[in-house]
Structure formats: C-alpha cells, structure tokens
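Examining the three-dimensional arrangement
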Amino acid sequence: MVHWTAEEKQFIISLWGKVNVAECGGEALARLLIVYPWTQRFFSSFGNLSSATAIIGNPKVRAHGKKVLTSFGEAVKNLDNIKATYAKLSELHCNKLHVDPENFRLLGDILIIVLAAHFGREFTPACQAAWQKLVGVVAHALAHQYH
Amino acid sequence: MGLTACDKTNVKAVWVKVGGHLEDYGAETLERMFTSYPQTKTYFPHFDLHHGSAQIRAHGKKVLGALGEAVSHIDDLATALSKLSDLHAQNLRVDPVNFKLLSHSFLVVVALHFPSVLTPEVHVSLDKFLVAVSTVLTSKYR
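Quick summary incoming for the structure in this document. Being a predicted model, the structure only gives us computed values, none of them experimental.

With respect to the packing of aromatic side chains
Applying the stated criterion across every chain, the model contains 10 aromatic pairs over all chains. Seen from their ring centres, A:Phe104 and A:Tyr146 are 6.4 Å apart, and the 80° between their planes marks the pair as edge-to-face. Of this pair, A:Phe104 sits in helix 7 (residues 102-119) while A:Tyr146 sits in the segment after helix 8 (125-143); the two residues are 42 residues apart in sequence, bridging distant segments of the chain. What makes A:Tyr146 partly exposed here is its relative accessible area of 24%. On the basis of an interplanar angle of 50° and a centroid distance of 5.0 Å, the ring pair of B:Phe44 and B:Phe47 is categorised as tilted. Given a relative accessible area of 13%, B:Phe44 falls into the buried group. Ring pairing ties together the aromatic residues A:Trp16, A:Phe72 and A:Trp131, which thus form one cluster.

Dropping the structure here:
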C-alpha cells in the first residue's frame, strides 16, 4: 500500500476538485499523440490523426481523453487502494488492449504538464511532487496485472 | 528524423520568453527536479538545496545558459556542446536517465509560466530538442 502524507493528499484532492476533466483529459491525450506520435498505434480507429490540428480537433480523441481522465479520478477517490481499484483495468490493458506500460508513464508526465499550464503558480514544486507520485502509482497499478 | 526547420523556429520562440530570466527559471527547474525526484539530489551533496539557495540559482543559470548556447547553435549541437559532452562523460558521469527528469522539469516550468507559448506543436519541438541535447551530452559515455 502506498503511503501518502496528509499534505500530499491535500494537494491531490484539492487540485482535482478544480480540474475540468473533459478539457484536461482531451488535451492530455491529444498532446500524447502529438508529442509521442508512436502512441497513435493504439488508435487506428480514431480517424484523422494526420496533424496536430487534426488531433486536437478530433472528437474521438477528446471523448477518449475525457474517459481516461475520468477513470483517473477513481485513483483520487481511492488513494489508499489504487492497486485494487485498477486491477480489472490492468488486465484489460494487458490482455485486450496490449498497451506497453511505458505509455502510462508517458501519459502521466503529459498530464503533469497540462496541469502546470492550467494552474500556473498554484502548481508549486511540492504540489507537482505529490502529483508525480500519483501518476507513478497509477502507472504502476495499471501495469501490475501484466503477465 | 532530427530537428526540422519548424522545430528550430519553435525552440527559438520559447527562448525569447525564457532567455531573460535564466536564473529564476533555472533555479525553479532544478528545485522541481529535486522535489519530484529526490534521487537527483545525490549529484549535489556539496550544495545547499534549500529553496532560494544561491548555489541552486547559480547552477540553474549555468544549466539554462548552456541550453541557450545550444539554441544559438541549434544547427550543430555536437560542436556547440562538445566540451560539455566531455565534461559529462569524464567528470560528472550523470546517469543518462536523469536527463529525462531534468528535461521534464524544464517543460513543466515553461508550461507553467508560458502556457500559451507551449502549444502542442511547440511542446513536441522542445521535447525533441531536449532529447537531442541529452543525446549529445551522453554520447561520449562509452
């Protein structure tokens, strides 16, 4: 089980309360596909991903980004039990989706950059560190059932 | 693929903003790296690592200054960074994994202070540039 200090929990929960999940989720996924284009390999059914503009405007990207970040919210709600929370999703990503867990780390770092852009100075170094820990824990949990 | 003409333009656009405050942004980059990735502090046992430390400010200015030099000579990074590459290989021997951590911390600083500058297109250019610099700096390791 991951140990969170009261301060870390506070940073995570209070920032999450202000996150526009649809907007940030869509932006994070779009940036992932733009900055690391090889990640597009998982989204051949999404239609036009031929340029940054196409990706940003792609409704499937935005919808899926929202879905992914909404799921992230489950981690925030279950900070003391993240591994169990993501057990089924981990199996899914391994067995059905065949996603290299490195992609979870890439998306986690992209999310951090999106949060920094949205929250500015409020995203202090200590706040960032709490969130880096969270995205790391989520990535680890999603990889946990891999075999 | 390497850096396209577009990448180079994008990176220079970032430097227009960053260039005037190397000490501030350099210190913040290092502070964020030390806070999020405590293992990076192992390279600085001789430093005062408290917030606002003069050593961190000086070192941050040095690091971003070097990056700025790289931006000025973006068409030939290998030559521009040759001495620094020797230094990292022979003296500093910073494990290659840490260049990603520093690069990420710098991207966070740019996103935080200049969100409208770090569009997705500029983001990928800056990321590619930082990877290229990191590659040069570790190229003589073995």
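Some points on the pattern of salt bridges
Within this structure, the stated rule accounts for 12 salt bridges over all chains. Of the charged contacts in the structure, one is a salt bridge between A:Glu74 and A:Lys77, with a shortest N-O distance of 2.8 Å. Placement of both A:Glu74 and A:Lys77 in helix 4 (residues 59-77) is noted, with a separation of three residues, approximately one turn of the helix. Using a relative accessible area of 63% as the deciding quantity, one classes A:Lys77 as exposed. Between B:Asp7 and B:Lys128 there is a salt bridge, and its shortest N-O distance comes to 2.6 Å. Taken as a pair, B:Asp7 in helix 1 (residues 5-18) and B:Lys128 in helix 7 (residues 120-137) lie far apart in primary sequence, 121 residues in all. Classification of B:Asp7 as buried rests on a relative accessible area of 6%.

Basis of the calculations
Residues numbered from 1 in each chain as written. Chains lettered and ligands numbered in written order. Predicted model: local features only at pLDDT ≥ 70, side-chain atom pairs only at ≥ 80, totals over all residues. Heavy atoms only, no water. Phe/Tyr/Trp six-rings, centres within 6.5 Å; stacked < 30°, edge-to-face > 60°. Helix = DSSP H or I, 4+ residues; strand = E, 2+ residues; numbered from the N terminus. Buried < 20%, exposed > 50% of the residue type's maximum accessible area, 1.4 Å probe, protein only. Salt bridge = Lys/Arg side-chain N within 4 Å of Asp/Glu carboxyl O.

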